[in-house]
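So you can see what is in the structure, the chains are spelled out below.
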Amino acid sequence: MAPTLSKLATRKSVASVAAIGAVLWLLSRKRSKKRYYSSSKPKNTWPPNNDVQYVIKEEKPKKPKAHVDKEFFKQLKQLLAIGIPGVISVESGYVLLVAVSLVARSLCDLWLIHTGTLIETSIVNMDLDLFRKRLFRFIATMPVISVVNNILKYSIGETKLRLRTNITRFLLDQYLKGFTYYKMSNLDTRIANPDQLLTADVDKFCESCTDLYSNIAKPTLDIFIYVYRLTSTLGGQTPFLMLTYLLVAGTFLTHLRKPIGTLTVKEQRLEGEYRHINSRLITNSEEIAFYQGNTREKLTLLASFHKLVSHLRHFLEFKVIIGVVDNFIGKYVASVVGFYAVSIPFFKKDHPLLTGSPDHRFKAYYTYGRMLVKLAEAIGRLVLAGREMTRLAGLTARVTEIRKVLSDLNDNKYERTMITDPKNNPIGSPGAGKILARDNIIRFEAVPLVTPNGDVLIKELTFEVKSGMNVLVCGPNGCGKSSLFRILGELWPVWGGVMTKPPRGKLFYIPQRPYMTLGTLRDQVIYPHTRAEMIRRGNAKDEDLQKYLDLVQLGHLLERETAPGEPQGWDAVADWMDVLSGGEKQRIAMARLFYHKPQFAILDECTSAVSVDVEDSMYSYCKKANITLFTVSHRRSLWKHHEYYLQMDGRGNYEFKPIEPDTEEFGS
């Protein structure tokens, strides 16, 4: 009666758990579709209204393949070659340390099985002295086993950190090479959130890679050890049955887990989109606040979050279903196969294990039964490791994607949705033009002004500016002024013709909203140089920098009060984007120009927030310093500082002429 009641209780408990799980699942489904109202009006709905849409890319990206196949192993090999630079390297040493630690861990497991059997035998035989002796030996060995376990944890953790360090450095070298970071965000449309790929995805890839290494290496090693020990005593039939089960179950589960790779890729992409939308809110908070667009932005955030949560819920449900199959096949069926396998030699009358006393048979069953249990556990872990391998395939595809895009961009290849098909465009193609380096001259010879989208602003632009010829660039909005400077700065590709210009270091650009870096006041003036570079190059000393600040009437910044205990003067550190006003930032940018002393300076409305008298003194100093100016400005006060003008009418026409004294107006 008791066993029957136990079975009934077990069945009822299982049924109760299943029923509660089903009810909770239905309630969560119903709640996710239920509308809710916020305390503010207008009301919001969950899920967000279908009319709330956002665009991350101009076209839907092609999903990278994420399956455990030949391509996956090829991609993994390429990434591991970056993470582990050579056989004789520190990284290889840690990989070897992991392997040695795994061997030591397996040997410790064998010793524990043997010693545990001896201790329990002494207990059954009521031999107190032998029990104490074996227990003391067991206790004395525990610190060694503890050290082995923690060396294994340390070596796995250090391997992951070194993999992440090497892969991150490689990707950042490619990302920050030339203008690749700009091209990825402004020219190429394959990746919309490189920050997600460079941070979270690389970290998850390295973690998954090292975990998979230990989760495959340890069970594989255990299988070899236990198969050898069991084959030499029980015969080959028992281990063969277990290994056959491994092959069949592993193949079946690997086939079922195929969608995990693709689902992982989509999860990381949606995480990146949600993060990107949050960062846009921070970047454009002032403009959004002026428009009072918090409710609209909230709906956009909720729409993105809903897409992410819906996918995560779908992924969770899929993983639960696969988990049920994994547990059933990888654990419970494996245990049944293990019980059957261990019973084979004991039901053969002529087997050597049957000779001797019942105590001998019990000890043999206990020892080899534990080995078979360990073998079954190793096989189960190896079967379940396929799940991690499928996830790793998705992360490998993600990291390989950014690696490929970075490689293409550094080779001046980019993919973008074009408004105009460049193949049918007689003007040329991106990168078809030539760029020649030559000091003290800027020359455009039949160079078309074409945007990355394929819009043709001017079919052929031809002019020449030598050092000392200051040029005022004017024209209506959208006529091509900024496009000219982006092509001149090599941010955009040249579609045709020949562009002659000084090397990049001798051409300096100052936008209307200058960038202030993180660091000291000195760093703002000498950017992008560091203090060490300033000293090594001998460009200037702090006294010279103070002269530049005085020229732009910002000498008082050196005396600005800081918090007690914090550095002052040139070493003062602050959030300069917020501390400085718009006009002060523009004047800092001009001081930066004086420090670098380039051959040519591109000034794009860079004095719009500066008073006319300060502006006049800054432009006068540029002439004294022999800095040739390309200026975009609508201020009439700047005409006297220029000798030529380049006017664009916004309809594809332009003219390049000297500024005559009686010239009355420029393109408005």
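Please refer to the structure placed before this passage.
So, here is what we can say about the structure in this document. (Residues numbered from 1 in each chain as written. Predicted model: local features only at pLDDT ≥ 70, side-chain atom pairs only at ≥ 80, totals over all residues. Heavy atoms only, no water.)

Observations concerning the overall build of the protein chain
Reasoning step 1: Across its full length, the protein chain carries 18 helices and twelve strands.
Reasoning step 2: Per-residue burial for the protein chain yields a buried fraction of 43% across its 668 residues.
Reasoning step 3: Summarising the internal contacts of the protein chain: among those between residues at least 6 apart in sequence, 78% fall at separations of at least 24.
Reasoning step 4: In the form shown here, the protein chain has an accessible surface area of approximately 36,600 Å², with 58% of it arising from carbon and sulfur atoms. (Helix = DSSP H or I, 4+ residues; strand = E, 2+ residues; numbered from the N terminus. Buried < 20%, exposed > 50% of the residue type's maximum accessible area, 1.4 Å probe, protein only. Contact = heavy atoms within 4.5 Å. Areas by Shrake-Rupley, 256 points an atom, 1.4 Å probe, with all protein chains shown as cover.)

Describing unusual backbone geometry
Reasoning step 1: Omega for the bond connecting Y527 with P528 falls within 30 degrees of zero, at 10°, which places this linkage in the cis form.
Reasoning step 2: Locating P528 in the fold gives a position in the loop between α13 (521-526) and α14 (531-537).
Reasoning step 3: Positive phi, close to 60°, is recorded for N626, a residue that is not glycine.
Reasoning step 4: Its place among the elements puts N626 in the loop between α18 (612-624) and β10 (628-632).
Reasoning step 5: Taking the relative accessible area as the measure of exposure, N626 reaches 63% and is therefore exposed.

Remarks on the side chain of R443
Reasoning step 1: Along the chain, the position of R443 falls in strand β2 (residues 441-450).
Reasoning step 2: For R443, a relative accessible area of 18% gives the class buried.
Reasoning step 3: Separated by 2.7 Å, the side chains of R443 and E464 make a polar contact.
Reasoning step 4: The residues touching R443, leaving out its near neighbours within four places in the chain, are R438, F463, E464, V498, M499 and T500. (Polar contact = N/O pair within 3.5 Å; in protein donor to acceptor, adjacent residues only side chain to side chain.)

Quick look at the pattern of salt bridges
Reasoning step 1: Enumeration over the complete set of coordinates arrives at 21 salt bridges.
Reasoning step 2: In this structure, D616 and K640 form a salt bridge, with 3.1 Å as the shortest nitrogen-oxygen distance. One end of the pair, D616, is in helix α18; the other, K640, is in the loop between β10 and β11 (644-648), with 24 residues separating them in the sequence.
Reasoning step 3: K640 sits in the exposed class, given a relative accessible area of 57%.
Reasoning step 4: Across the pair D649 and R651 runs a salt bridge whose closest N-O atoms are separated by 3.8 Å.
Reasoning step 5: On the basis of relative accessible area, R651 is assigned to the exposed category, the value being 69%.
Reasoning step 6: It is possible to trace a salt-bridge network through shared partners that takes in D188, R190, K404 and D408. (Salt bridge = Lys/Arg side-chain N within 4 Å of Asp/Glu carboxyl O.)

Concerning the packing of aromatic side chains
Reasoning step 1: Scanning the entire structure with this criterion turns up twelve aromatic pairs.
Reasoning step 2: Measuring from ring centre to ring centre gives 6.1 Å for Y94 and Y154, while their planes differ by 65°; the resulting arrangement is edge-to-face. Highlighted residues: Y94 in helix α3 (residues 90-124) and Y154 in helix α4 (residues 128-175), separated in sequence by 60 residues.
Reasoning step 3: Through successive ring pairs, a cluster of aromatic residues spans F444, F463, F485, F630, Y644 and F656.
Reasoning step 4: The ring of F315 carries the charged tip of K319 above its face, separated from the ring centre by 4.7 Å. (Phe/Tyr/Trp six-rings, centres within 6.5 Å; stacked < 30°, edge-to-face > 60°. Lys NZ or Arg CZ within 6 Å of the ring centre and 35° of its normal.)

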